[in-house]
2 protein chains.
Amino acid sequence: MARRLRSRADLDDEDCRAIIALPHAVRVYEAPAYIIREGGPPTSYCTLILSGLAFRQKVTLTGARQIVSIHMAGDFIDLQHLFLKRADHSVQALSRVEAVDIERSALRQLIIDRPAVGRAMWTDALIEGSVFREWVVNVGRRDAKTRVAHLLCEFALRMQAAGLANGEGFELPMTQEQIGDAVGLTSVHVNRTLKLLAAEGLIERDKRFVKYRDWQRLQHVGDFTSLYLHLDQAGGEQKTL
Amino acid sequence: MARRLRSRADLDDEDCRAIIALPHAVRVYEAPAYIIREGGPPTSYCTLILSGLAFRQKVTLTGARQIVSIHMAGDFIDLQHLFLKRADHSVQALSRVEAVDIERSALRQLIIDRPAVGRAMWTDALIEGSVFREWVVNVGRRDAKTRVAHLLCEFALRMQAAGLANGEGFELPMTQEQIGDAVGLTSVHVNRTLKLLAAEGLIERDKRFVKYRDWQRLQHVGDFTSLYLHLDQAGGEQKTL
DNA sequence: CGGGGGTTTGAAAAATCTCAAATCTAGTGG
DNA sequence: CCACTAGATTTGAGATTTTTCAAACCCCCG
């Protein structure tokens, strides 16, 4: 199971063996279950998604929710806890999620012992940071249409990179309300925007399935450039699955 | 100079010596100079701020700018380049900035050789990520008044943590337009919001200087909790200056 | 004293949100 | 196989927030 880890490290020789040897346990979460709880007690492991989708969220004083990132197979969802003391947000399963919990201390040790693994983890963390930055931009400076299109592009590309979508389209298993929480809009407005994108012939939708009708133009409308995802890092080192 | 690095690592014994021994060079940037340029060629060093302020920004297709983070003495401003190939954004000096450029390869090696240093760097990177997440929330789900108040709180606290402000107030050397770009609002609206905060007796302003009149209430209005800054990490390991 | 940026203000325009109701859809229990 | 229900998607219309555009002011600087 956890051997998927192997493929994501950039230049692993036989660090793989060490990775596989890590003490771990697979766990399954159903639909809207919390994988990490804000403020919760620090767990003693780090978890990596094997399959399914999950999202990271924070809640406002007024009760509004902001989804801060979406995660799929191959993503570590709580690298933070590798070194930070407290969970400042929570992570929830968006669909059925299979994940491995890895002994945190062992992972730390591995980073120290095997520089290549450490490097892969660093890369992973830095890319995640880059994605956060792009989200700040998306939510802070783009209008509704652009925001939603951008989200679709990012999701599509990441799904493809993870081998979970083909060039046709993809299943976006999120409620329109959740999409809204991800881009900082109301579910109502997301709905109108989605319809607008479809009306303009950029996408076609059938339930939660989104098919691209004009990928180039969609990227353009969404002001999307994949640079920030750093998908090319060291020859597919990252989240290759 | 670069010995300030020492104080930020959580449990440094005499890794300090190694840190000080790093090949480095101090450089000074004036007012609106670029320290890092988007898409620019990867430099061969990482830079840490010694004094002054800088901000990280990305630009939208329509030309809008979003400031994604603000940095002060003790912050690494391009940890990303430690392992990522390309700059996906730029960093500009907000005031006169003194910074040290540290040989990237040497820094990487140091992380490997001295686990304690590596850990400090990890913590630093993870905290930065946490701050980004909070910014996504701020910009995505809070109204103008709350956003601006939140920014003020964060800045105030970080300045204090860095020993650059006292309990009275602080100098916020940003244009209202820049503040707007940081919180995703228009300079005009920032102006009105700032006046509102003052009118409500939360702050008092004199030019760019902001004095708190009711720190508690300001935090409340700004929906601010310092948890996400992880200032307590390992007994002031971080950016203690 | 003349600029040039930055800050204020006003008023109208635009984007987004709210509230509410109508529709749909998948799942449940008869 | 069908009625029924809860949650999700749509749609409409008015209310709000934020943006735009423009002009007035201010203050530091040379």
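Sequence order as written defines the numbering, with residues in each chain counted from 1. Key to labels: chains lettered from A, ligands numbered from 1, both in the order written. At least 70 in pLDDT is required for a residue's local features to be given in this predicted model, at least 80 for side-chain atom pairs to be given and counted, and no such filter applies to totals for whole chains, interfaces and linings, which use all residues. Side-chain measures were taken over the full set of non-hydrogen atoms in the model, leaving aside hydrogen atoms and water.

J.: Where do I start with the pattern of salt bridges in this structure?
T.: Here the idea is simple: oppositely charged side chains can pair when their charged atoms come close. When a carboxyl oxygen of Asp or Glu is within 4 Å of a side-chain nitrogen of Lys or Arg, the pair counts as a salt bridge. Tallied over the entire structure, the rule returns 30 salt bridges over all chains. Taking the shortest distance from any N to any O, the salt bridge between Lys58 of chain A and Glu134 of chain B comes out at 2.5 Å. Taken as a pair, Lys58 of chain A in strand β4 (residues 54-59) and Glu134 of chain B in helix α4 (residues 115-141) lie in two separate chains rather than in one. For the residue pair Lys58 of chain A and Glu134 of chain B, the accessibility class agrees, reading buried in each case. The residue Arg141 of chain B makes a salt bridge to Asp181 of chain A at a minimum N-O spacing of 2.7 Å. Of this pair, Arg141 of chain B sits in helix α4 while Asp181 of chain A sits in helix α6 (residues 176-183), each in a different chain. The burial state of Arg141 of chain B is the same as that of Asp181 of chain A; both residues are buried. One continuous salt-bridge network, built from bridges that share partners, spans Lys58 of chain A together with Glu134, Arg142 and Asp223 of chain B. Where helices and strands are cited, they refer to DSSP runs of H or I of at least four residues and of E of at least two residues respectively, numbered from the N terminus. Buried, partly exposed and exposed residues are distinguished by accessible area as a fraction of the type maximum, computed with a 1.4 Å probe on protein chains only: under 20%, between the cut-offs, and over 50%, respectively.

J.: Can you help me understand the domain arrangement of chain A in this one?
T.: Frequently, the measure chosen for interface size is the accessible area that the parts lose on association. All names here are of chain A. Assigned domains within chain A: domain 1 (4-125) and domain 2 (143-222). Placing a centre on the C-alpha atoms of domain 1 and another on those of domain 2 gives a separation of 26 Å. In what follows, residue pairs with any heavy atoms lying within 4.5 Å of each other are defined as contacts. The interface of domain 1 with domain 2 comprises 11 residues on the first partner and 13 residues on the second. Note on domain 1 versus domain 2: buried area summed over both sides is about 1100 Å², and carbon and sulfur give 64% of it. Polar contact criterion, stated in full: a pair of N or O atoms within 3.5 Å, where within protein one must be able to donate a hydrogen and the other to accept it, and residues adjacent in sequence count only if both atoms are side-chain atoms. Run the count over domain 1 and domain 2 and you get 6 residue pairs in polar contact (both at pLDDT 80 or more). All domain edges in this entry derive from an automatic or database-based domain assignment. Using a 1.4 Å probe, buried area is obtained as the accessible area two parts lose upon being combined, added over both of them.

J.: Please explain the protein's contact with DNA strand C as it appears in this structure.
T.: Around DNA strand C lies a shell of 17 residues, among which Gln176, Asn191, Arg192, Lys195 and Arg205 of chain B are the nearest. In these notes, residues near a molecule or strand are those with any non-hydrogen atom within 4 Å of it. Each atom of DNA strand C within 4 Å of the protein was assigned to sugar, phosphate or base; sugar and phosphate come to 76%. Taking Gln176 of chain B, its side chain carries an N or O atom lying 2.7 Å from a phosphate oxygen of DNA strand C. Here Asn191 of chain B contributes a side-chain N or O atom positioned 2.4 Å from a phosphate oxygen of DNA strand C. Counting residues per element, the ones that place at least two in the surface near DNA strand C are α7 (187-199) of chain A together with α7 (187-199) of chain B. Counting residues per element, the surface near DNA strand C draws most heavily on α7 of chain B, at 4 residues. Only Asp, Glu, Lys and Arg are considered charged, only Ala, Val, Leu, Ile, Met, Phe, Trp, Tyr, Cys and Pro nonpolar, and every remaining residue, Gly among them, polar. By residue class, the composition of the surface near DNA strand C is 4 nonpolar, 6 polar and 7 charged.

J.: Help me understand the sheet that holds strand β3 (residues 45-51) of chain B, please; the structure alone is not making it clear to me.
T.: Strand pairing in a sheet is mediated by backbone hydrogen bonds. Such pairs are either parallel or antiparallel. Residues and elements named next belong to chain B. A strand pair is defined by DSSP finding two or more bridges across the two strands. If you walk across this open sheet you meet the 3 strands as β1-β7-β3, and the pairing is antiparallel. Each edge of the open sheet carries a strand with a single partner, namely β1 (24-29) and β3. Taking the axes of each pair of neighbouring strands and ignoring which way they run, one obtains an average angle of 30° across the sheet. Where β1 meets strand β7 (residues 97-103), 6 bridges bridge the pair, whose relative direction is antiparallel. Opposite Ala25, over in β7, you have Asp101 as the bridge partner. For helices, the fitted axis covers only the stretch in contact; all axes are lines through C-alpha atoms, and the angles between them, taken along N-to-C directions, range from 0 to 180 degrees. Sitting on the sheet, helix α3 (residues 104-113) touches β3 and β7, and the angle it makes with β7 is about 70°.

J.: Would you mind going over the relation of the copies chain A and chain B with me for this structure?
T.: Two chain copies, one operation linking them: a rotation about an axis together with a shift along it. Mapping chain A onto chain B calls for a screw motion: a turn of 180° about the axis and a shift of 0.0 Å along it, with 0.0 Å RMSD after fitting. One copy is carried onto the other by what is essentially a two-fold rotation axis. A high fraction, 100%, of the interface residues of chain A reappear at the interface in chain B, so the copies pair face to face through one surface. A least-squares superposition brings the copies together, and it is based on the C-alpha atoms of residues with pLDDT no lower than 70 in both.

J.: How do you make sense of the UniProt feature "domain: HTH crp-type" (unreviewed entry) in chain A when you look at a structure like this?
T.: UniProt positions are given in the numbering used here, feature names are shortened, and annotations may be inferred rather than shown by experiment. Within this structure's numbering, the places UniProt gives as "domain: HTH crp-type" (unreviewed entry) are residues 142-216 of chain A. The span residues 142-216 of chain A is 55% helical and 15% strand by assignment, and the distance between its end C-alpha atoms comes to 19 Å.

J.: Just to check I follow, could you spell out the side chain of Arg133 of chain B for this structure?
T.: Examined against the element boundaries, Arg133 of chain B turns out to sit in helix α4. Ignoring anything within four residues of it in the chain, the contact list for Arg133 of chain B reads Arg56, Lys58, Val68, Gln80, Asp88, His89 and Phe132 of chain A.

J.: How do you make sense of the interface of chain A and chain B when you look at a structure like this?
T.: Listed by partner, the interface residues are 54 residues for chain A and 55 residues for chain B. Of the roughly 4900 Å² buried where chain A meets chain B, counting both sides, 64% is carbon and sulfur surface. Among the residues of chain A in contact with chain B, Trp122, Arg133 and Arg141 of chain A are the three that bury the most area, contributing 19% of the side total. The interface formed by chain A and chain B contains 6 salt bridges.

J.: Is there a simple way to think about the protein's contact with DNA strand D in this case?
T.: Close to DNA strand D lie 16 residues, the nearest being Gln176, Asn191, Arg192, Lys195 and Arg205 of chain A. Atoms of DNA strand D within 4 Å of the protein: sugar and phosphate make up 72%, bases the balance. Taking Arg192 of chain A, its side chain carries an N or O atom lying 2.8 Å from a base nitrogen of DNA strand D. Interatomic distance of 3.1 Å between a backbone N/O atom of Thr186 of chain B and a phosphate oxygen of DNA strand D.

J.: I'm lost on the packing of aromatic side chains in this one. Help?
T.: Given two aromatic rings, their pairing is described by the distance between the two centres and the angle made by the two planes. Ring pairs shown here join Phe, Tyr and Trp side chains whose ring centres sit within 6.5 Å, with only the six-membered ring taken for Trp; geometry is labelled stacked below 30 degrees between planes, edge-to-face above 60, and tilted in between. For the coordinates displayed, the defined rule picks out 11 aromatic pairs over all chains. Considering the side-chain rings of Phe83 of chain A and Trp122 of chain B, the 5.7 Å spacing of their centres and the 40° angle between planes classify their relative orientation as tilted. Of the two residues, Phe83 of chain A is situated in the loop between β5 (65-71) and β6 (90-93) and Trp122 of chain B in helix α4; the pairing between them involves two chains. The same class applies to Phe83 of chain A as to Trp122 of chain B, namely buried. Look at Phe224 of chain A and Tyr228 of chain A: their rings are 5.9 Å apart centre to centre, the planes differ by 80°, and that puts the pair in the edge-to-face class. The burial state of Phe224 of chain A is the same as that of Tyr228 of chain A; both residues are buried. Among the aromatic residues, ring-to-ring pairing joins Phe83 and Trp122 of chain A together with Phe83 and Trp122 of chain B into one connected group. Over the aromatic face of Tyr34 of chain A sits the side chain of Arg37 of chain A, whose NZ or CZ is 4.1 Å from the ring centroid. Placement of a charge over a ring requires the Lys NZ or Arg CZ to be within 6 Å of the ring centre, with the centre-to-atom vector within 35 degrees of the ring normal.

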